[in-house]
Amino acid sequence: QLQLVESGGGLVQPGGSLRLSCAASGFTLDSYVIGWFRQAPGMEREGVSCISSSDGSTYYAESVKGRFTISRDNAKNTVYLQMNSLKPEDTGVYYCAARRRNVYGNLWSWPRMYDYWGQGTQVTVSS
């Protein structure tokens with residue numbers, strides 16, 4: 001069984017921080033590309049960040065660069081998304097996703113490139 005479980009979401013005020021976790025089971029996470037996506041109400045699911053399986057390269061949507069950091073802890077088989085300086089527009093359900101094969105260019109941000117998805121965790125940024 002291959003499973004991804006997100007956690008760490010919650011309600012925060014603008015400017016606050018959250019750390020999301022994506023825990024993997026049934027596979028070795030570092031063999032997969034792991035992406036973080038979010039979906040706001042009435043909006044399409046969008047790519048937020050990605051960490052590659054090959055060399056650990058990281059990628060970010062322009063809207064979160066400088067505020068979010070993706071990282072991997074192989075010992076815990078977990079990928080994290082540290083979110084700082086949160087804005088109301090960061091609100092949404094955050095999902096992690098895994099792809100076994102590498103991605104190129106901006107394809108990392110396409111949801112259809114990913115094979116496995118977690119259940120999502122709600123992030124609400126509101127004053």
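Below you will find a few notes about this structure. Small disclaimer: the values here were computed from a predicted structure and weren't measured.

Criteria and cut-off values
- Residues numbered from 1 in each chain as written.
- Predicted model: local features only at pLDDT ≥ 70, side-chain atom pairs only at ≥ 80, totals over all residues.
- Heavy atoms only, no water.
- Helix = DSSP H or I, 4+ residues; strand = E, 2+ residues; numbered from the N terminus.
- Buried < 20%, exposed > 50% of the residue type's maximum accessible area, 1.4 Å probe, protein only.
- Pairing = 2+ DSSP bridges.
- Axes fitted to C-alpha atoms, helices over the stretch in contact; angles between N-to-C directions.
- Salt bridge = Lys/Arg side-chain N within 4 Å of Asp/Glu carboxyl O.
- Contact = heavy atoms within 4.5 Å.
- Disulfide = S-S within 2.5 Å.

## Considerations on unusual backbone geometry
- Notably, Asn77 is not glycine yet its phi reads approximately 55°, a positive angle.
- Relative to the assigned elements, Asn77 resides in the loop between strand E7 (68–73) and strand E8 (78–83).
- For Asn77, a relative accessible area of 17% gives the class buried.
- The backbone phi angle of Ser85 is positive, close to 50°, even though this residue is not glycine.
- Its location among the elements puts Ser85 in the loop between E8 and strand E9 (92–99).

## Some remarks on the sheet that holds E7
- In space, the four strands of this open sheet follow the order E1-E3-E8-E7, with antiparallel pairing throughout. Where the open sheet ends on each side, the last strands, each with one partner, are strand E1 (3–7) and E7. Each strand of the sheet is rotated relative to its neighbour by a mean of 15°, with strand direction disregarded.
- In this sheet, strand E3 (residues 18–25) lies alongside E1 in antiparallel orientation, the contact comprising five bridges. Within the sheet, the bridge partner assigned to Leu4 lies in E3 and is Ala24.

## Description of the pattern of salt bridges
- Under the criterion given, the structure shown has four salt bridges.
- With a shortest N-O distance of 2.8 Å, Arg38 and Glu46 are connected by a salt bridge.
- Look at Arg38 and you get buried, because its relative accessible area is 5%.
- Assessed through its relative accessible area of 35%, Glu46 is described here as partly exposed.
- Between Asp90 and Arg38 there is a salt bridge, and its shortest N-O distance comes to 2.8 Å. Here Arg38 lies in strand E4 (residues 33–39) and Asp90 lies in the loop between E8 and E9, a separation of 52 residues in the sequence.

## A word on the environment of Gly118
- Turning to its location among the elements, Gly118 is positioned in the loop between strand E10 (116–117) and strand E11 (121–125).
- Judged by its relative accessible area of 12%, Gly118 is buried.
- The residues contacting Gly118, other than those within four sequence positions of it, are Leu4, Glu6, Tyr95 and Cys96.

## Structural notes on the state of the cysteines
- Per the stated rule, a full pass over the model turns up one disulfide.
- A disulfide bridge connects Cys22 with Cys96, and the sulfur atoms are separated by 2.1 Å. On the sign convention where negative is left-handed, the bridge of Cys22 and Cys96, at about 70° about the S-S bond, is right-handed. One end of the pair, Cys22, is in strand E3; the other, Cys96, is in strand E9, and 74 residues separate them in sequence.
- Residue Cys96 is classed as buried on the basis of its relative accessible area, which comes to 0%.
- The cysteine Cys50 is free of any disulfide, with Cys22 supplying the nearest cysteine sulfur at 12 Å.
- Residue classification places Cys50 among the buried positions, given a relative accessible area of 1%.

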